[in-house]
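# Overview (structure and organization)
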Amino acid sequence: MFPWNLFPFNKDMKNKLQHMKPDEIDQFIKGIMGNVMPSQSGGAINPQDVVNHFKSHPTQQGNTLNSSAFETHDSVFVRIPIKDESLLKDLRIYHTANQLMVEHIPERDAKHSITLPAMVKKKGSSAKYKDGILEIKLIKSYDIQYSQIDVTEI
């Protein structure tokens, strides 16, 4: 259970935060994170690691494929820079509900796997190459399948 009672949110907090500078707010939040997180995990969590975890960064697979994946309201896009257009003839692209696999770029035996930021549908994907960028568009899936499990008495 998360210790919500340790957060100092009260009526005066809004006024206090409005008059603080961004550096003071950053230090304030780091102090709160430092006080709350170690009590739950025995000191194993660094507050800076939590902040860095939520920052956006491009996906990089291995040394050779520098790709970025992002989502919009309806789609997931993966962009891969490819300077040599002749590599496209051997390129193979596959995907599952949460991963994109790219083969034969930049070498014939190269295989890369990119984790997608959201679940995608099996059908409706497309890929376009323009100005040295391969852009793959996948349609988001909103069909979360639930299965009911019956409980029997023993």
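Thresholds, definitions, all that
- Residues numbered from 1 in each chain as written.
- Predicted model: local features only at pLDDT ≥ 70, side-chain atom pairs only at ≥ 80, totals over all residues.
- Heavy atoms only, no water.
- pLDDT = per-residue confidence, 0-100.
- Contact = heavy atoms within 4.5 Å.
- Phe/Tyr/Trp six-rings, centres within 6.5 Å; stacked < 30°, edge-to-face > 60°.
- Buried < 20%, exposed > 50% of the residue type's maximum accessible area, 1.4 Å probe, protein only.
- Helix = DSSP H or I, 4+ residues; strand = E, 2+ residues; numbered from the N terminus.

### Looking at the confidence of the model for the protein chain
- Per-residue confidence for the protein chain averages 78 on the pLDDT scale, and 69% of its residues sit at or above 70.
- Ignoring residues within four places in sequence, the model shows residues 54-63, a span with pLDDT below 50, making 13 contacts including any to other chains.

### Considering the packing of aromatic side chains
- Inspection of the entire model under this criterion finds 1 aromatic pair.
- Between Phe70 and Phe77, the aromatic rings sit 5.5 Å apart at their centres with planes inclined by 20 degrees, giving stacked as the arrangement.
- Among the residues examined, Phe70 registers a relative accessible area of 31% and is labelled partly exposed.

### Digging into the side chain of Ser75
- Mapping Ser75 onto the fold places it in strand S4 (residues 75-81).
- When residues no more than four places from it in sequence are discounted, the contact partners of Ser75 are Phe70, Lys137, Leu138, Ile139 and Lys140.

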